[in-house]
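Secondary and tertiary structure notes
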Amino acid sequence: NKESSYLRDIYDGEIFQKNKEFFSQDGIGLCLNVDWCKSSNSFEHSIGFVFLTILNLPRSERMKNENMILVGVIPGPKEPDFRQINHLLLPMVQELNIM
């Protein structure tokens, strides 16, 4: 069946399948998301939002507002390059590594 070979969720992926005991114990899987939108008063000004979703939740619950964790807002006027975004994300990564 061609449809059964599609990956529809992180649960279908090889890395998850090899590490599912992590999710079945006390571990929490987080997915880092960065999304950009134009400012409502300017089409030349972008604002970035950095948020985490909890992968342990069912797919239908993961992206609900009440289940997302906003960890940062990146003001514009332009999107940062990869070095700048890494610098902005470093404190969050360090905090998560402590846990």
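These lines cover the structure that appears in this document, whether it is placed above or below.

**Here we look at the pattern of salt bridges**
In the structure shown here, the tally under the stated rule is three salt bridges. Note that Arg-62 is salt-bridged to Asp-9, the shortest N-O span being 2.7 Å. Within this pair, whereas Arg-62 is found in helix H3 (residues 59-62), its partner Asp-9 is found in the segment before helix H1 (14-18), the two being separated by 53 residues in sequence. Like Asp-9, Arg-62 is buried. Between Lys-64 and Glu-61 there is a salt bridge, with the nearest N and O atoms lying 3.0 Å from each other. Judged by relative accessible area, Lys-64 falls into the partly exposed class, the value being 33%. Judged by its relative accessible area of 28%, Glu-61 falls in the partly exposed class.

Reading guide: rules and limits
- Residues numbered from 1 in each chain as written.
- Predicted model: local features only at pLDDT ≥ 70, side-chain atom pairs only at ≥ 80, totals over all residues.
- Heavy atoms only, no water.
- Salt bridge = Lys/Arg side-chain N within 4 Å of Asp/Glu carboxyl O.
- Helix = DSSP H or I, 4+ residues; strand = E, 2+ residues; numbered from the N terminus.
- Buried < 20%, exposed > 50% of the residue type's maximum accessible area, 1.4 Å probe, protein only.

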